[in-house]
Structure formats: structure tokens, C-alpha cells
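# Structural characterization, general
Residue strings, one per chain:
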Amino acid sequence: MLEGRAFIDGDFRDARSGAVFPSINPATDREIAAIADCGAEDVDDAVAAARRSFEDGRWRRLPPRERKRILRDLSERMLAEARDLALLEAVDMGKPVRSGLAVDVPSAAECIAWYGEAIDKLHDAVVPVDAPGSAIVRREPAGVVAAIVPWNFPLLMACWKIAPALAAGNSVVLKPSERASLSAIRLAALAARAGLPPGVLNVVPGRGETAGRALGLHMDVDCLAFTGSTAVGKRFLAYSAASNLKPVWPECGGKSAQIVFPDCDPELAARGIANGIFFNQGQVCNAGSRLLVHEDVREDLLRRLVAHAERLQPGDPADPDTRYGAVVDAAHCDGILAAIDRAMGEGAELAAGGVRIRLNGAGSFVAPTILDGVSPAMGLWHGEVFGPVLAVASFRDEAEAVRLANTGVYGMAAGVWTSDAARARRLADALRVGMVWINTYDRHAMTTPFGGVRQSGFGRDRSLHALGTYTTLKTIWTHAA
């Protein structure tokens, strides 16, 4: 069996209750591991270990070059075990090992190394004040950071949280999703081998309603970073208000629009849109799940997209040749299919997919799905399916496109496909989102922040901006007589 125990204060341990839950391979329906079902008492242990490690300075007071060396060592160990990490995610949540090797593991390792390099680039600021005297503004680590991450990019999201938190000098308690815990547990072991001191990184697998709630309400957690649904993000804000007013940084859901004008490259747009909704089986918070296409090119683009969808055939995620895997589990598969059925009941027309596929009689695979004729009056327009389901609508002019794109509660991202540079700039300004891609989609770099606005949350991952999430400001005045 694969390692599924919690990692607290430098050691693997069972949940205090002894409870476990199964990790089920969504491609085969077989159990692959027993995961520790941590509760409030385990969270208490992890937070206490993190607090001890923070207060005695075993990490935050190490010389910057030494902390950098340890994070770079961790990054190199991740790359050395890339195949194992990618396979863990393939069998744990259905991600093709091909994607894990090409995207998730190298990106996660880069994140760790990038923030390691940032450690000795952080400086206090001397600010101008009236004489006599001077003032220094210092960024200090927040303390004990709770990081709660989702199942769709388990390793990458964990690194997006823990890397800046560790770089800033904090100690961390990481709670992975109960739907995909294995890679986070392996990450803790690799961090220990790289020399991260005991208690600095703790991993408590468990359910949101128990372990997650305990972290949210914990009086000794100084800061909490969360990626997941908007509903749960709001819950963590309420937990903060009910406990110690810890800062909570939610990065939540989305219903991102792809806007296509007649003057774009149609095949470039079709490839970008297909990748934007079908990559990772649509289980992406910034997936381009709404397609707004000018009525003059609607039929041509729809034909191209259907062809892309039909070429994506589900396969065993552990097979290196597979490009399209399973969704995370049977319950999520059922939810996606129910959303498709509801949309069709409201008048949407099925252009591709819409069915569950089984391989060798097993598995939770959803065919890439395109639903045409979707309108703002339908639930599919507003609801985040979090699956490979593209909702298609048409528009007549630029003003209508902007109005339709901004309709709804989310504000994660948008894509604009046009050869008119002035139009692209106008839309980039008018769209109420955190990220805009022009003639591309889902491009990323460690130097750019990731996150949205409105009910997509206000947390930010990546870039130097994320370091502020895990620090507090202290002003130090000196009087010169």
C-alpha cells in the first residue's frame, strides 16, 4: 500500500482515532491506499509542532543562503522522483501521467526553487519621515500558516502555497483534499530528506468538515490560504470571524469566458479553446467553460471544436500515451453528467459528448462535451461544473460580448481571440476578471500572479506578490536627538 499517514513534527503517524478513508483509482475503481482521516486532535498536534518550530527559529532564523539551499534541494528531489509523483496523481485523481510529467511536477519543482531564490532578495524599506529620526518598514513571517488545497492539481497547488510561506520564514500545516492526498504526503517526506527541520512542514490529510474546519477555527493559526470552491471559501472567512481574525486568502471558483471575434485565426482559437476546457478533464478553476462567439463565425468554430472534442479519447491515466484521463471520482462524474442533463432540460443542444465512458467495465470518464445554445437564463451559464463541459453562446457586437462575459458572480479569467490590437486592449480593460489572455489561453509563469476577483476570491498565488500573503508589516521608528 502507498503511504497515507499524516506527517507531523518530522514523523509519519496514524490519525489519533485510527480512522482511515480509501483512495480509489478513478480509472479502475480499485482502492490503492488507506489515508489517515485526521481530526481536530491531529490538527492540534500539527499546529503545536508548527508553533514550536516557528518560535524556536529552527527555520526562520536560518541564514537565507541555508534556507535557499534546502528549498533548491527539495526542488531537485522532486524532479528526480518526477515519474513517481506523476504516477501518484494518475492513480489518485485520474490525471494523465503524461500531463504530470510535462506540467505538474516540473511546475511544482520550479515553484519551490523560484521562491528559494527569492529568500535573499527580500529587504526592509527605509521610508522618508520628518526629522529627527527614521522609520523602517519590515516584512516579518506571519507565523503558523494553514494551507488548504484542492484535488485537481494536488502537488502544484500545495507548492504554490507552501513555497512562498516557507520562503517568508513561516511554519506550515498543509491539508490536502481527501480526494487526492498522496502527492502531498510524499512531498513532506521529500522535504524532510532535503533538510527541512521537523515541524516546519506538517501534512494532515482529512475531510474538510473535520480537519479543514479545525484549521479554520484554530486560535493558534496565524494565516490561512485556501484554494477550492466559493462556498467553502466563504466558510473559511466565517471561521476566521468566529475565531482569531486570522487573515484568510481564498482563491475560489470560476466560469471563465472565451470571446471569439471574426478576425481571429479560427484554428488557433479552436485549439486554445479546446485545451482551455478539456485540459485536466475540465477540472481547472480558470477553465474557459463559456464560449462567446460572434454569430458570423459560430458555425465554423463549433465544427472545429467538435472535431477537437471527438479526437480526445479517454484512456488509462497511468499510460504515458494517454492525453485525456478520468475525472476525480464516481461522485464527481455523476455530478457532471447531472449538470449536462439539466442544461439539456433547459434547452441547450448537445453538440458533442455528454456521456460517461468506462474502460474495461470500470472508471469515471466523461466524454469531452459541448453544449450549444446556452443563455444567461440557464443554470449552466452561472454554475461551475468543474468538468469537461463547454457552454456555447453567440453575440452580435463587442458591447454585447463584454456584457455577457461579465454576467455572473465569478471573475477568474477570460480569453479574447482577435487580430485587432485596439479591441483586445479595450476588452482587457472592460472584463472584470483577474487574468486575461489574448490569442492564447491558460499561459502561466512564476513571475505573474494567479487569482481572480469578485466571488472567485481575492487570494493570489505565484510571483513576488504572493509573499505578502504570508507576511505581516512592522514599522520600526528610531528617534535621533
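This part is about the sheet that holds strand E17 (residues 369–372). Read from one edge of the open sheet, seven strands run E14-E17-E18-E13-E12-E20-E21, paired in mixed fashion. Strands at the two margins of the open sheet, each flanked by one partner only, are strand E14 (349–352) and strand E21 (435–438). Averaged over all pairs of adjacent strands, the angle between their axes in this sheet comes to 25°, without regard to strand direction. Across the sheet, helix H13 (residues 398–405) lies against strand E12 (257–260), strand E13 (290–294) and strand E18 (389–395), angled at about 170° from E13, the strand it touches most.

Taken together, the three strands give an open sheet; going across it, the order is E5-E6-E23, and neighbouring strands pair in antiparallel fashion. Either end of the sheet is taken by a strand with one partner, and the two such strands are strand E5 (125–127) and strand E23 (471–478). Each strand of the sheet is rotated relative to its neighbour by a mean of 30°, with strand direction disregarded.

A few words now on the nonpolar core. Ranked by internal contacts, the top residues of the largest apolar core, which has 90 residues, are Met 78, Leu 174, Ile 273, Leu 291, Leu 305 and Ile 370. With 11 residues, helix H5 (residues 154–167) is the single largest residue contributor to this core. Setting aside chain neighbours within four positions, we find Leu 174 in contact with Ala 147, Val 149, Ala 158, Ile 162, Ala 184, Leu 201, Asn 202, Val 203 and Val 204. Of all hydrophobic cores here, the second largest spans 32 residues; its members include Cys 333, Val 374, Phe 395 and Ala 405.

A separate point is the pattern of salt bridges. Evaluated as defined, the whole model comprises 35 salt bridges. Measuring nitrogen to oxygen at the nearest pair gives 2.9 Å for the salt bridge that ties Arg 304 to Glu 267. Remark: Glu 267 occurs in helix H9 (residues 266–278) and Arg 304 occurs in helix H10 (residues 298–311); sequence separation between them is 37 residues. Arg 396 is the partner of Glu 400 in a salt bridge, and the nearest nitrogen-oxygen pair spans 3.8 Å. The class of Arg 396 is exposed, set by a relative accessible area of 55%. Overlapping salt bridges bring together Lys 68, Arg 72, Glu 117, Asp 120 and Lys 121 as one network.

What follows deals with the side chain of Asn 152. Within the secondary structure layout, Asn 152 lies in the loop between strand E7 (144–148) and H5. Those residues in contact with Asn 152 that lie beyond four places of it in its chain are Met 93, Lys 95, Asn 280, Gln 283, Val 284, Cys 285 and Phe 386.

Centre-to-centre distance and the angle between the planes together describe a pair of aromatic rings. As enumerated under the stated definition, the model contains 10 aromatic pairs in all. Ring centres of Phe 7 and Phe 12 lie 5.0 Å apart, and the angle between their planes is 70°; on these two criteria the pair is classed as edge-to-face. Since its relative accessible area comes to 5%, Phe 7 is described here as buried. Judged by centre distance (5.1 Å) and plane angle (55°), the rings of Trp 160 and Phe 450 are tilted. Within this pair, whereas Trp 160 is found in helix H5, its partner Phe 450 is found in the loop between E21 and strand E22 (453–454), the two being separated by 290 residues in sequence. For the pair Trp 160 and Phe 450, a shared accessibility class is recorded, and that class is buried. Taken together, the ring pairs connect Phe 226, Phe 236 and Tyr 239 into an aromatic cluster. It is Arg 67 that lies over the ring of Trp 59; its NZ or CZ is 6.0 Å from the centre. The cationic tip of Arg 423 hangs over the ring face of Phe 261; the distance from NZ or CZ to the ring centre is 4.2 Å.

What follows deals with the packing of helix H2 (residues 64–80) against H5. The interhelical angle for the contact between H2 and H5, taken along N-to-C directions, is 170°, at an axis separation of 11 Å. With respect to each other, H2 and H5 are oriented roughly antiparallel. For the element pair H2 and H5, the recorded crossing hand is left-handed. Note on element contacts: H5 touches H2 through Leu 155, Cys 159, Leu 166 and Ala 167, opposite Arg 67, Leu 71 and Met 78.

This next bit is on the environment of Val 328. Within the secondary structure layout, Val 328 lies in the loop between H10 and helix H11 (330–345). Given the relative accessible area of 1%, Val 328 is considered buried. The spacing of Val 328 and Asp 372 is 44 residues in sequence and 25 Å in space, taken between C-alpha atoms. Leave out the neighbours within four places in its chain, and Val 328 touches Pro 26, Met 93, Trp 151, Arg 179 and Gln 283.

Turning to unusual backbone geometry, a few remarks are in order. Here the residue pair Ala 131 and Pro 132 is connected by a cis peptide bond, since its omega of 5° sits within 30 degrees of zero. The phi torsion at Asp 442 lies on the positive side, around 65°, for a residue other than glycine. For Asp 442, a relative accessible area of 18% corresponds to the buried category. The phi dihedral of Ser 463 is positive, around 75°, even though this residue is not glycine. Mapped onto the fold, Ser 463 is located in the loop between E22 and E23.

Conventions adopted
- One numbering rule holds for all chains: residues counted from 1, following each sequence as written.
- Predicted model: local features are reported for residues with pLDDT of at least 70 only, side-chain atom pairs are reported and counted for 80 or more only, and whole-chain, interface and lining totals are derived from all residues.
- Side-chain numbers here rest on the full set of heavy atoms in the structure, without hydrogens or water.
- At least two DSSP bridges between two strands are required for those strands to pair.
- The numbering of helices and of strands both runs from the N terminus, where a helix is a DSSP run of H or I of at least 4 residues and a strand a run of E of at least 2.
- With axes taken as lines fitted to C-alpha atoms, and helix axes fitted only over the stretch in contact, angles between N-to-C directions fall between 0 and 180 degrees.
- The contact rule is simple, with two residues in contact once any of their heavy atoms fall within 4.5 Å.
- By convention a nonpolar core is built from buried Ala, Val, Leu, Ile, Met, Phe, Trp, Tyr and Cys residues, the set being connected through side-chain atoms within 4.5 Å.
- Buried, partly exposed and exposed residues are distinguished by accessible area as a fraction of the type maximum, computed with a 1.4 Å probe on protein chains only: under 20%, between the cut-offs, and over 50%, respectively.
- Each reported salt bridge corresponds to a side-chain nitrogen of Lys or Arg within 4 Å of a carboxyl oxygen of Asp or Glu.
- Working definition: rings of Phe, Tyr and Trp (its six-membered ring) pair if their centres are within 6.5 Å, and the pair is stacked with planes under 30 degrees apart, edge-to-face with planes over 60 apart, and tilted otherwise.
- For a lysine, the NZ atom is tested; for an arginine, the CZ atom; a charge sits over a ring if that atom is within 6 Å of the ring centre and within 35 degrees of the ring normal.
- An angle below 35 degrees is read as roughly parallel, one above 145 as roughly antiparallel, one from 65 to 115 as roughly perpendicular, and any other as oblique.
- Should the near helix be turned anticlockwise from the far one by less than a right angle, the crossing is left-handed, and should it be turned clockwise, the crossing is right-handed.

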